[in-house]
Each structure stands twice: as structure tokens, then as C-alpha cells.
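Below, each chain spelled out in residue letters.
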Amino acid sequence: MPTVSVKRDLLFHALGRTYTDEEFDELCFEFGLELDEITSEKDIISREQGDTKAQGASDVILYKIDVPANRYDLLCLEGLVRGLQVFKQKMEAPRYRRVSPASSEPHRLVITEETTAVRPHAVAAVLRNITFTQERYDSFIELQEKLHQNVCRKRTLVAIGTHDLDTISGPFIYTAKPPGDIRFKPLNQAKEYTAQELMSLYKTDSHLRHYLHIIEDEPVYPVIYDSNGIVLSLPPIINGDHSKISLNTKNVFIECTATDLTKAKIVLDMMVTMFCEYCEEPFTVEEAEVVYPDGRTCQYPELAYRKETLSADFINRKVGISESTEQIAQLLTKMCLRSEVMSDGEQIEVEIPPTRSDVIHACDIMEDAAMAYGFNNIPRTTPRTYTVASQLPLNKLSELLRQDLAAAGFTEALTFALCSQEDIADKLLKNISETRACHISNPKTAEFQVARTTLLSGLLKTVAANRKMPLPLRLFEISDVVLKDETKDVGARNNRRLCAVYYNKSPGFEVIHGLMDRVMQLLEVKPGQGNGYHIQAADDSTFFPGRCAEIFAHGKSIGRLGVLHPDVINRFELTMPCSALDIDIEPFL
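If you check an unreviewed UniProt entry, the protein chain appears there as Phenylalanine--tRNA ligase beta subunit from Salmo salar. Annotation of the protein chain in UniProt includes, under Cofactor (unreviewed entry), the sentence "Mg(2+)".

J.: Looking at this structure, I do not really get the overall build of the protein chain. What am I missing?
T.: Scanning the protein chain from terminus to terminus reveals 16 helices and 28 strands. Expected size for 589 residues packed as a compact globule is a radius of gyration near 25 Å; at 32 Å, the protein chain overshoots this value by more than 25%. Principal-axis analysis of the C-alpha atoms places the extent of the protein chain at approximately 90 × 70 × 60 Å. Across the 589 residues in the protein chain, those meeting the buried criterion constitute 49%. Across the protein chain, the fraction of contacts at a sequence separation of at least 24, relative to all contacts at a separation of at least 6, is 68%.

J.: What's the story with the UniProt feature "domain: B5" (unreviewed entry) in the protein chain in this structure? I'm lost.
T.: The UniProt record marks residues 303–380 with the feature "domain: B5" (unreviewed entry), using the residue numbering of this structure. This span, residues 303–380, is 38% helix and 19% strand, and a straight line between its end C-alpha atoms measures 40 Å.

J.: What's the story with helix 15 (residues 509–522) in this structure? I'm lost.
T.: Because the α-helix completes a turn every 3.6 residues, residues three or four places apart line up on one side. With 14 residues, helix 15 should reach 20 Å at 1.5 Å per residue; the first-to-last C-alpha distance of 20 Å fits that figure. For helix 15, the full list of buried residues reads Ile512, Leu515, Met516, Val519 and Met520. Within helix 15, the buried residues cover an arc of 135° as seen down the axis, which keeps them to one side. Exposed and oriented more than 90 degrees from the buried face of helix 15 are Glu510 and Gln521. Buried-residue contacts for helix 15 involve helix 12 (393–407), strand 24 (492–503), strand 25 (533–537), strand 26 (543–553), strand 27 (556–564) and strand 28 (578–584). One or two steps after helix 15, the chain reaches Glu524, where phi turns positive at roughly 60°.

J.: Please clarify how the sheet that holds strand 17 (residues 306–311) should be interpreted in this entry.
T.: Strand order in the open sheet formed by three strands is 17-19-18, with antiparallel pairing between adjacent strands. Among the strands making up the open sheet, the edge pair consists of strand 17 and strand 18 (339–341). Put simply, the sheet's adjacent strands are angled 25° from each other on average, direction ignored. Sheet topology note: the strand 17/strand 19 (residues 347–352) ladder contains six bridges and is antiparallel. Paired with Thr309 across the strands is Glu349, a residue of strand 19.

J.: Can you walk me through a nonpolar patch on the surface in this structure?
T.: Among the surface-exposed residues, Phe416, Leu418 and Phe448 lie close enough to one another that they form a single nonpolar patch of about 290 Å² accessible area. Considering the arrangement of structural elements, one finds Phe416 in the loop between strand 20 (411–412) and strand 21 (418–419). Exposure remark for Phe416: the relative accessible area of 62% places this residue in the exposed category.

J.: Help me understand a negative patch on the surface in this model?
T.: A contiguous patch of negative charge on the surface is contributed by Glu22, Asp25, Glu26, Glu30, Glu34 and Asp36. Put simply, the parts of the chain that give the negative patch at least two residues each are helix 2 (21–30) and strand 2 (34–40). With four residues, the top contributor of residues to the negative patch is helix 2. With respect to the element layout, Glu34 can be found in strand 2. By relative accessible area, which is 43% here, Glu34 ends up partly exposed.

J.: What's the story with the sheet that holds strand 24 in this structure? I'm lost.
T.: Across a sheet, paired strands are connected by hydrogen bonds in the backbone, their directions being either parallel or antiparallel. Spatially, the seven strands line up as an open sheet ordered 20-23-24-28-27-26-25, and their pairing is mixed. The strands lining the two open edges of the sheet, one partner per strand, are strand 20 and strand 25. Pairing of strand 26 with strand 27, which is carried by seven bridges, proceeds in the antiparallel orientation. Among the inter-strand pairings, Phe552 is bridged to a residue of strand 27, identified as Ser557. Contacts from helix 12 reach strand 20, strand 23 (473–484) and strand 24, with the element oriented near 160° to strand 23.

J.: I tried to follow the pairing of strand 16 (residues 297–300) on my own but got confused; where do I start?
T.: The side chains of a regular strand alternate, residue by residue, between the two faces of the sheet. In this sheet, strand 16 lies alongside strand 15 (residues 284–291) in antiparallel orientation, the contact comprising four bridges. Counterpart to Val291 in the pairing with strand 16 is Thr297. Between the antiparallel neighbours strand 15 and strand 16 lie five residues, among them Gly295 with a positive phi of about 95°.

J.: Help me understand the domain arrangement of the protein chain in this model?
T.: By convention, interface size is frequently given as the accessible area that disappears when the constituent parts associate. If you check the domain split of the protein chain, you get domain 1 (3–88), domain 2 (97–300), domain 3 (306–373) and domain 4 (393–588). Using C-alpha coordinates to define each centre, domain 2 is positioned 55 Å away from domain 4.

J.: What is the right way to read the pattern of salt bridges from this model?
T.: Opposite charge on two side chains permits pairing when their charged atoms draw close. Going through the model one piece at a time under the given rule, you end up with 36 salt bridges. One salt bridge in this structure joins Arg17 and Glu23, with 3.4 Å as the shortest N-O distance. Relative accessible area serves as the criterion here: at 34%, Arg17 is assigned to the partly exposed category. Among the salt bridges present, the one from Arg183 reaches Glu197, with a minimum N-O distance of 4.0 Å. Here Glu197 lies in helix 7 (residues 195–201) and Arg183 lies in strand 9 (residues 183–184), a separation of 14 residues in the sequence. For Arg183, a relative accessible area of 45% puts it in the partly exposed group. The exposure class of Glu197 is partly exposed, given its relative accessible area of 38%.

J.: I tried to follow the packing of aromatic side chains on my own but got confused; where do I start?
T.: Given two aromatic rings, one states the distance between the centres and the angle between the planes to describe the pair. A complete count under the given rule lists 13 aromatic pairs for this structure. A ring pair is formed by Tyr19 and Phe24, whose centres lie 6.1 Å apart and whose planes are at 65°; its orientation type is edge-to-face. Of the two residues, Tyr19 and Phe24, both sit in the buried class. The structure contains a cluster of three or more aromatic residues connected by ring pairs, namely Phe132, Tyr137, Phe140, Phe275 and Tyr278. The ring of Tyr305 has Arg95 lying over it, and the distance from NZ or CZ to the ring centre is 4.0 Å. Above the plane of the ring of Tyr211 lies Arg155, whose end atom (NZ or CZ) is 4.0 Å from the centre.

J.: How do you make sense of the packing of helix 12 against helix 15 when you look at a structure like this?
T.: Each packed pair of helices is defined by two parameters, the angle between the axes and the distance between the axes. One can describe the packing of helix 12 onto helix 15 by two numbers: an axis separation of 11 Å at closest approach and a directional angle of 140°. Classed by the angle they form, the pair helix 12 and helix 15 counts as oblique. In the packing of helix 12 onto helix 15, the handedness of the crossing is right-handed. Taken together, the residues of helix 15 that come into contact with helix 12 (itself represented by Leu401, Asp404 and Leu405) are Leu515, Arg518, Val519 and Leu522. Classifying every residue of the contact of helix 12 with helix 15 by side-chain character gives five nonpolar, no polar and two charged.

Parameters at a glance
Within any chain, residue numbers begin from 1 and follow the written order of that chain's sequence. Local features in this predicted model are restricted to residues whose pLDDT is 70 or higher, and side-chain atom pairs enter the listing and the counts only when it is 80 or higher, whereas totals over whole chains, interfaces and linings include all residues. The side-chain values count all of the structure's non-hydrogen atoms but skip hydrogen atoms and water molecules. UniProt positions are given in the numbering used here, feature names are shortened, and annotations may be inferred rather than shown by experiment. In DSSP terms, a helix is any run of H or I states spanning at least four residues, a strand is any run of E spanning at least two, and both are numbered starting from the N terminus. Computation of the radius of gyration draws on C-alpha atoms alone. For the globule rule, the value is 2.2 Å times the number of residues to the power 0.38. A simple rule labels every residue: compare its accessible area, found with a 1.4 Å probe on the protein chains alone, to the largest value its type can have, and call it buried under 20%, exposed over 50%, or partly exposed in between. Here, residues are in contact when the closest pair of their heavy atoms is within 4.5 Å. One fewer than the residue count of a helix, multiplied by 1.5 Å, yields its expected span. Arc definition: it is the arc formed by the directions from the helix axis to the C-beta atoms. Strands qualify as paired when DSSP identifies two bridges or more between them. Only C-alpha atoms enter the line fits that serve as axes; for helices the fit covers just the stretch in contact. Angles between N-to-C directions range over 0 to 180 degrees. Only residues whose relative accessible area exceeds 30% and that take part in no salt bridge are eligible for patches, with like-charged residues grouped when within 9 Å of each other and nonpolar side chains (Val, Leu, Ile, Met, Phe, Trp, Tyr) grouped when within 5 Å. Each accessible area is a Shrake-Rupley result for a 1.4 Å probe, and residues are judged covered by the shown protein chains and nothing else. We define a salt bridge as a contact between a side-chain nitrogen of Lys or Arg and a carboxyl oxygen of Asp or Glu at a distance within 4 Å. Neither His nor the chain ends is counted toward charge; the positive residues are Lys and Arg and the negative residues Asp and Glu. All charge positions are set by atom: Lys at NZ, Arg at CZ, Asp at CG, Glu at CD. The domain limits used here are those given by an automatic or database domain assignment. Aromatic rings from Phe, Tyr and Trp, taking only the six-membered ring of Trp, are treated as a pair when their centres fall within 6.5 Å; an angle between ring planes under 30 degrees marks them as stacked, one over 60 as edge-to-face, and anything in between as tilted. For a ring to carry a charge above it, either NZ of a lysine or CZ of an arginine must fall within 6 Å of the ring centroid while also lying within 35 degrees of the normal to the ring plane. Small angles under 35 degrees read as roughly parallel and large ones over 145 as roughly antiparallel, with 65 to 115 read as roughly perpendicular and the rest as oblique. A clockwise turn of the near helix away from the far one marks a right-handed crossing, whereas an anticlockwise turn of less than a right angle marks a left-handed crossing. Classes in brief: Ala, Val, Leu, Ile, Met, Phe, Trp, Tyr, Cys and Pro nonpolar; Asp, Glu, Lys and Arg charged; the others, Gly included, polar.

Structure (C-alpha cells):
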């Protein structure tokens, strides 16, 4: 959960009254938040760096408040105060409006075709005649950072740029150029750099170095120019110094470049709705026009209101209360969701404002109603049906088998569910295309590229790591493998398997065969054709030719056992013979 730090006195002044710490903690709980810590800048520095470093730091009391990750409208003081004031019914939820410029055409942001390859989307808006104080300015900057870390996913999805509109002139051009062709003076720097030089400059910057990878390896970098060729920003890294905002800024041009247009719209809506109350005409935002490469034009911000209809009975049943339709409508209105009872007296029409992008489904509205009602006020009831928990049959069977395999002298291993392509293919003398493996699209390491399709490779790696232990090594594992399956809604399924290996100076085929017979005895499957079990010779590249058998039970193939191929042994850096058993235990449920 994101944590928002607000100055206690500033918060109380905005709320119009003073609370004790206990009272404010209770208010936060009622509103679905949590007062995480009461501290000060001095305390934080003292705790992290020592008392010496803390000398001279501010001792103003800070409230650290935990906010739900999907409530972007509570990530700053302005949104927090607005939400609490509406909740306490000291004000009505404001109505946000998009307005046209009074004396000219809207500012235009023109997107060129070149951006398609790197960061194709952009939205923009203008906060006209805004008045900043130091506290408002700090909150404005902090909200950008909170959004960058949260919904923007560390600027990979969206990057926000804010500019003093009076220092630049439209129309603005959003394009992409080779890094050597982009030259400008970045924010808070003394001289100009090319984009290429900036990448080297910021590699040691504790803050910006985390964002360089987003565009660093791209052939072209996104960049925004004004009509005079002045660089506004190099998204998602840094803004230009020329258009930086200050306490004296009266008109703010906000642009958001993105790889996800929906997220960009949400972020722009949050930025403008949180601070448009400081405009000369409160709660109004001046529109900007975005021109796409295909000639389409769109006006932003959208500030879209939408309406949802749901029944009071639905909320009462889900929450476990019995309130009237009118009362539920009032509860939702307290949560900034203007609600009215419809003519039939049963349905409620709920208006979702642009600040509540977290409301996607009727269940989200129901949750807000429960919050406004008060979780502590919901009556506790005894469940109508008593149920006794029990293990899943598959897990129960796995546990029983584990006990008896351990009693048979084998040691249980627990290996990673992810492995490299080499582990399940090349090392087992198989082709990766034949394994039905699920591949990870962006693996972080070569060791975790695919979900395992067999337990054998993990056990052999465990044996390799314990080569110095006394022989023989007897290991087993009962776990899931993942196989592609087009019949499943996710395109893959889990399959519970049993795998065991015997590693010694001799292959020990008879040991692994005996283990299979013991497993079948435990599963109450008798030897024989038809409803029993039997083995027959098989060819498998993983096993030594002529030393591999396929296992059949109830007329179906359930796995294989045999002596591993010498090449498999060598590829896992082993030196002794090894025999293995690999069977599917799901058919025995």
C-alpha cells in the first residue's frame, strides 16, 4: 500500500478542526485508511542516519497514512482532505468541468508517426490561473512521484511532464529522434547535453538511473518540442529546464506520454482534478487538443462521468445489513459517489466521478457502501451452514505417498517450479518444441525461463549439488509440473507427478523397479493387464537404449522408468550411473 506523508497541522487546518491522534486514527479507519506512523522529518533522519545528521532538520509532526493502492485520488493532501470532508458531510463532492480557452484556440499537442516505435500515446491539459504556495507546490510535485511509482509502474506505462505555459508557445510537437539529434538543457542543470550524453550523466543519479532502461536501448528517443524548437521534456527521463514550474507559475501545461492510453487518461485526470481547486475558477480544467498521426483529434482531459445502476437488495445481501434504499444512497454519496433512488424505489443510480477510476464493478460500489456504513457496525451472524474443512483429495494422496516413500528409504527434495530451457530439453536430450513448456516472456535470469515439464531435471541438479554425500543417493519429489493445454481457459494446466532417482556406482534398476511396485501396492493396483499395472519396453532419448520401460495402469500410460542415458548424466555434471522413475499420480484419485 502506498504511504502518504502529510503535515499534521496543515491537514487539520484544511479539515477545519483539530483531532487528537486517537480521533484521527479512528477517522482514518472509518474511511478505510490506516494511520501508519506519527513522526517528523527529524525523527526519520535520526532513525536512519543518526542524531548528528538530524540536527537542524524540521520537527514538524508528520502523519504517515496508508492508502489503498487503487485509490489514486487519496495520494495527496488535497484529495485526502476532499475525500474526508465529503465523508464527514461537510461539503458536497465537487463537479469537475472541462472548459475551452476564453480567448483563443485550445493548445495543441501533435503526435508524429515516429513515436509509434517507442512511446505512442500522449494526452495533455492546462491548469489556468492557478495559485501556488510552497505547500501546494510541494504537494503537486509529490503527487507526480506517487503516481509515477504506482499506476505509472515506475514510468514504464506513463510519464508526467508539467511545464510553465507562459515560457513556451504551442502548438507542441511530440516526436521521436535519434539520441544524438536531441540537445537541450535538462532540469536543474547548468549546460546543454545531447540525449546520449544524458544517459551517461544520469547513470550515477540515485533517482533517475532507475528509469534509463525504459528507452536507453531504443534507436529513437521520444521528445516534446514547442513551436520555437524548445525541448519541453525527454520522456520518461527528465523535463527541460526552460519550462520548469515555480511558485510564480500561473498557467501549467501538463502532458502525459504513455505506452498505455487508458492509464495515461487516468493519470491526467488525477493530476488536474486534485489541483484544479486552486485555479481562479475552481474545479475547472482547460482542455488541450491532441492530434494523432492519422489526423484524428481528441480533447483532453476526458473528466468522464458515468452512471451505474444496482439494487439496494444486492448491497444489503453482500454486506450483511438491512438498510433502506434511501439510506444506502446516502452512504454512497458520502464516498464521493453521488447516488439517487430511482423511480421504482429499489434501484440506485450511482454516478462515478473521474477521480474514482478504481470503481469498475458493482462489487466496488458495494465495498464503498460497507465502508461508509462502518465495518464495526455490521452485525456478526452465525453462518447458516456449518462446514468442516478437508484436504483436497490430490493433496491428501500426495501426503500419504510422501510418508511411505520416505519409509522406503528415499529422501524428499523440493525443487524450483521454474527452470531453464536447457534443463528440460537439451540436458534430457529432447527438443524444446516437444516439451509443451510454458515460457516466461521476460525472464530475469537464464535459470528461470520456463515452467518445468518434468521433475527429473530438478532432482538431478539436487544430486549434482550433493555429489560429495555418501552413496547411494535416493531422492524423490511429488509436485506439480506445468503443461500447455489448449482446452483450458489459461492455456495450461498443472499436473501432479511423482519422480524418484537412485544414484550409485551401479544403475540400481531393480531398486527403482521395486519402488514402483511399492507405489502400486500402496495405490492398491495389482500387477497384470487390464485393470492392473504392467511395464513394457519403450524408447526414450532420456534413457539408455534397451533400459527404459513404459508404465501402464488401468490400460493407460502413466509414466516411465529406467536407467538414464550417459549423456544425460554428463550434462548434469554427474559421474555415476543413475536410474529414475517418473509417473503421473492424478489417474489414481
